Amino acid sequence: MAVLVNKDSKILVQGFTGTEGTFHATQMIEYGTQVVGGVTPGKGGSTHLERPVFNTVAECVKQTGANVSIIFVPPAFAADAIMEAADAGIELVVCITEGIPVQDMVAVKNFLQGSNTRLIGPNCPGVITADACKVGIMPGFVFKKGRIGIVSKSGTLTYEAADQVAKAGLGISTAIGIGGDPIIGTTTKEAVALFMEDDETDAIVMIGEIGGGMEAEAAQWIKANGNKKPVVGFIAGQTAPPGRRMGHAGAIVGGADDTAAAKMKIMSECGIAVVSSPADIGKTMAGIIGK
């Protein structure tokens, strides 16, 4: 069912008993997500939200069969939490934490090389498969079930795109918020590739922003692979001044190719339907797929 997560996914929460972990785990459970337990060092053996708490990820995996982790751990300890999850064999790690030092993420990236663990984030809203599984902080009610995939650097624009698509009479297969930090796990291209191979996704919304080259890389990959599915694209930061970070840590124009205009041009040349306003995402998608 769609990509990354579904009704069969078994979720553990790292930082389970903290304020953020408690609030969002409650929301995930109410959505219908199969949250099987959580990890808070020192609180192993207790129960939280009617689910077991463990001292380590390895213990949680052994006892519950968890295969997905969501991380609500403070920035100073989040990198270790990601690596602990990978070391325990978790297939998908979703890191919500914002503000992880770049040097820590370099170590994480190196650690994950050659492993079977896929990282989403950090500094992301997570992943949701509509009406099946929410692993993140997004408002679940916005995501109506359908056949449009969303890939986005921005959390709020993920929700806006989902709302636009729903109002156009369409719906979402899966939405992936990849995060806006300079170093993240899954890239735009990798997320797009998942949707291109998914039988339950007919078209894709790709939302990027200034800074870095991920959107251009994804666009060129889409063209090189025959534009198999329609893609509607939007780039945030069209009025941002060069050299100044805007919002996300990775959103800074470092060169001519990092600007919104340059990215939009490349995307358009690669066959993507580029919109200048997020308000046009839904109607543009509906027009393309003949809704």
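For the structure itself, look to the data block above.
A brief structural summary. (Residues numbered from 1 in each chain as written. Predicted model: local features only at pLDDT ≥ 70, side-chain atom pairs only at ≥ 80, totals over all residues. Heavy atoms only, no water.)

**Regarding the overall build of the chain**
Scanning the chain for helices and strands turns up 9 helices and 14 strands. Radius of gyration (C-alpha) of the chain: 18 Å, near the 19 Å computed for a compact globule of 291 residues. Counting only C-alpha atoms, the chain reaches 55 × 40 × 30 Å along its principal axes. Expressed as a percentage of its 291 residues, the buried residues of the chain come to 54%. In the chain, 73% of the contacts between residues at least 6 apart in sequence involve partners at least 24 apart. For the chain, the accessible area works out to roughly 11900 Å², and carbon and sulfur atoms hold 51% of it. (Helix = DSSP H or I, 4+ residues; strand = E, 2+ residues; numbered from the N terminus. Rg over C-alpha atoms; globule rule 2.2 N^0.38 Å. Buried < 20%, exposed > 50% of the residue type's maximum accessible area, 1.4 Å probe, protein only. Contact = heavy atoms within 4.5 Å. Areas by Shrake-Rupley, 256 points an atom, 1.4 Å probe, with all protein chains shown as cover.)

**Considerations on the sheet that holds strand 8 (residues 126-129)**
Across the sheet, 7 strands lie side by side as 9-8-11-10-12-13-14; this open sheet has mixed pairing. Each end of this open sheet is capped by a strand with a single partner; those strands are strand 9 (133-136) and strand 14 (273-274). In the sheet, strand 12 (residues 203-209) pairs with strand 13 (residues 231-236) via 6 bridges, with the strands oriented parallel. Paired with Met-206 across the strands is Gly-233, a residue of strand 13. Helix 5 (residues 155-167) contacts strand 10 (145-152), strand 11 (172-177), strand 12 and strand 13 of the sheet and is inclined by roughly 150° relative to strand 10. Taken strand by strand, helix 8 (residues 260-269) contacts strand 12, strand 13 and strand 14, and its axis lies near 170° from that of strand 13. (Pairing = 2+ DSSP bridges. Axes fitted to C-alpha atoms, helices over the stretch in contact; angles between N-to-C directions.)

**Here's the deal with the pattern of salt bridges**
Summed over all chains, the structure comprises 8 salt bridges. Residues Glu-215 and Lys-263 are paired through a salt bridge, measuring 2.5 Å at the closest nitrogen-oxygen approach. You can see Glu-215 sitting in helix 7 (residues 214-224) and its partner Lys-263 sitting in helix 8, a full 48 residues away along the chain. Relative accessible area serves as the criterion here: at 1%, Glu-215 is assigned to the buried category. Lys-263 sits in the buried class, given a relative accessible area of 1%. Linking Lys-265 and Glu-269 is a salt bridge whose minimum nitrogen-to-oxygen distance equals 2.7 Å. (Salt bridge = Lys/Arg side-chain N within 4 Å of Asp/Glu carboxyl O.)

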